[in-house]
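# Structural overview
For reference, the chains in residue letters:
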Amino acid sequence: MLNKPVGYECSHHPSHYPSVYSLLPRPLVIRGVQSVGRLDADTTGLLLFSDDGQFIHTYTSPKKKVPKVYEARVKHPLDEAQCSALLQGVQLHDEPLPVAARRCDILAECLLEMTVTEGKYHLVKRMIAAAGNRVEGLHRRAIGNLSLPADLPEGQWRWLGPEELAALAGQGEAAG
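Below is a summary of the structure that appears in this document. Just so it is clear, the model here is predicted, and its values are computed rather than measured.

### Things to note about the pairing of strand E7 (residues 111–116)
- For E7, a buried count of five out of six residues is recorded, marking the element as mostly surrounded by other parts of the structure.
- Judged from the six bridges that link them, strand E5 (residues 68–74) and E7 form a sheet pairing that is antiparallel. Bridge pairing in E7 links Glu71 to Glu113.
- In terms of strand pairing, strand E6 (residues 103–108) meets E7 through five bridges, oriented antiparallel.

### Observations regarding the packing of aromatic side chains
- For the coordinates displayed, the defined rule picks out three aromatic pairs.
- Measuring from ring centre to ring centre gives 5.5 Å for Tyr21 and Phe49, while their planes differ by 75°; the resulting arrangement is edge-to-face. Here Tyr21 is found in the loop between strand E1 (2–4) and helix H1 (26–31), whereas its partner Phe49 is found in strand E4 (residues 49–50), with 28 residues between them in sequence.
- What makes Tyr21 buried here is its relative accessible area of 7%.
- A residue is classified by how much of its surface remains accessible, and Phe49, at 17% relative accessible area, is buried.
- Centroid distance Trp157 to Trp159: 5.2 Å. Interplanar angle 80°. Geometry classified as edge-to-face.

### Considering unusual backbone geometry
- One non-glycine residue, Lys65, lies in positive phi territory at about 55°.
- Tracing the backbone through its elements, the reader meets Lys65 in the loop between helix H2 (53–60) and E5.
- Positive phi is not limited to glycine here, since His122 has a value of about 50°.
- Mapping His122 onto the fold places it in the loop between E7 and helix H4 (123–130).

Reading the values: the criteria
Residues numbered from 1 in each chain as written. Predicted model: local features only at pLDDT ≥ 70, side-chain atom pairs only at ≥ 80, totals over all residues. Heavy atoms only, no water. Buried < 20%, exposed > 50% of the residue type's maximum accessible area, 1.4 Å probe, protein only. Helix = DSSP H or I, 4+ residues; strand = E, 2+ residues; numbered from the N terminus. Pairing = 2+ DSSP bridges. Phe/Tyr/Trp six-rings, centres within 6.5 Å; stacked < 30°, edge-to-face > 60°.

Written out as structure tokens, the structure is:
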């Protein structure tokens, strides 16, 4: 797991920012680890890596509906109508059906915690825009049953421990 900082791309061949792979030890990169999903260059937080194709599929496939929890700092004060819209589903320009959040909680006047089960391009930002607000900062706090540890500094990585692997395994079974 990596606590991804702002200003890194989730690509082996980045075009505008350094690669998140530059934050990993060279032996892991040579081994061929892949990011489990992606985070935008301006998004921080939990990013997993693996060289196990089935593991990557389990946590990235839309069919598995693995929850991802984000904290979004928004431009305008939040209200219950925005949360309600996100929970009921908002229409995105390139989606045939409305997309709904699994959970939506207002943490502060301009801070929202939102859980989604899909991983589409700029999904959280686009959903919040469709609900009438604008994301100014986005942080992924959790994937499935695994939360980003408070003691993992931005830009640092570490191996998952047995309890973390068990939490993910339980989510993968529930998701599969």
